[in-house]
Amino acid sequence: MSFGRLERPTGDKPMSEINVTPLVDVMLVLLVIFIIAAPFMASRLALELPRADTPAAAQAAPDAFVAVSLDAQGQLHWNDEPLDTDALRQRLQDAAQRNPATELQLRADASVPYGRVVQLIGLAQTAGLSRIGFVADAAPPPTGR
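What you see is a predicted model, and the numbers here were worked out from it, not measured in a lab.

Chemist: Requested: an account of the sheet that holds strand E6 (residues 131-134), with residues and values cited.
Modeler: Whenever strands of a sheet pair, they do so through backbone hydrogen bonds, lying parallel or antiparallel. Pairing is mixed across the open sheet formed by five strands, whose spatial order is E4-E3-E2-E5-E6. Among the strands making up the open sheet, the edge pair consists of strand E4 (81-83) and E6. Each neighbouring strand pair of the sheet contributes to a mean axis angle of 30 degrees, computed without reference to strand direction. Here strand E2 (residues 65-70) runs beside strand E3 (residues 76-78); their pairing, made up of three bridges, is antiparallel. From the neighbouring strand, Val-68 faces E3, where its bridge partner is Trp-78.

Structure representation (structure tokens):
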């Protein structure tokens, strides 16, 4: 009996190249998702001002400070004394000349437009005061569930 050599079927040859088409498809889908989602990640923040929860150390008053308040009607107050913009400008310049490290403690009503607060900050910086602190009411204690 003669034994002949049986031919074995050769299997598929191993792939030596990577098919990049599915990879490109996935990358394009991810790119589109990130392009659409990016504006939502950088959207505006919802802030409730002027309440803040601050530690006791942060509430300590500096050595030299002036307090300026801006009420809901837009009236300026220097240590509870009402005054106009020109008088405030002069007092800020005097405070800056006495001590350039004087801190301006700014109290603005929550209903005051942001632009008005920025004008007041610009006025203080023009006068020579660069340390500006924003005073806020303490946050109410959390309610238990």
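Chemist: How would you sum up the nonpolar core? Please name residues and give values.
Modeler: Of all hydrophobic cores here, the largest spans 20 residues; its most connected members are Val-68, Trp-78, Leu-88, Leu-92, Leu-104, Val-117 and Leu-120. Looking at this core, the element that brings in the most residues is helix H3 (residues 114-127), giving six residues. Excluding anything up to four places from it in sequence, Trp-78 contacts Val-66, Ala-67, Val-68, Leu-83, Leu-88, Arg-91 and Leu-92.

Chemist: How would you sum up H3? Please name residues and give values.
Modeler: Under the 1.5 Å per step criterion, the end-to-end length of H3 is 20 Å for 14 residues, consistent within 8% with the ideal 20 Å. Those residues of H3 that sit buried are Val-117, Leu-120, Ile-121, Leu-123, Ala-124 and Ala-127. End-on, the buried residues of H3 take up no more than an arc of 155 degrees, which puts them together on one face. Looking at H3, the residues exposed on the side facing more than 90 degrees away from the buried face are Tyr-114, Gln-119 and Thr-126. Against the buried residues of H3 lie E2, E3, helix H2 (85-98), strand E5 (103-108) and E6. Residue Gly-128 follows H3 closely and has a positive phi angle near 115 degrees.

Chemist: Just give me the short version of the side chain of Ser-69, but keep the residues and values in it.
Modeler: Here Ser-69 is to be found in strand E2. Those residues within four positions of Ser-69 in sequence are excluded, and the remaining contacts are Gln-75, Leu-76, His-77 and Arg-107.

About the criteria used
Residues numbered from 1 in each chain as written. Predicted model: local features only at pLDDT ≥ 70, side-chain atom pairs only at ≥ 80, totals over all residues. Heavy atoms only, no water. Pairing = 2+ DSSP bridges. Helix = DSSP H or I, 4+ residues; strand = E, 2+ residues; numbered from the N terminus. Axes fitted to C-alpha atoms, helices over the stretch in contact; angles between N-to-C directions. Core = buried A, V, L, I, M, F, W, Y, C linked by side-chain atoms within 4.5 Å. Buried < 20%, exposed > 50% of the residue type's maximum accessible area, 1.4 Å probe, protein only. Contact = heavy atoms within 4.5 Å. Expected span 1.5 Å × (residues − 1). Arc of directions from axis to C-beta.

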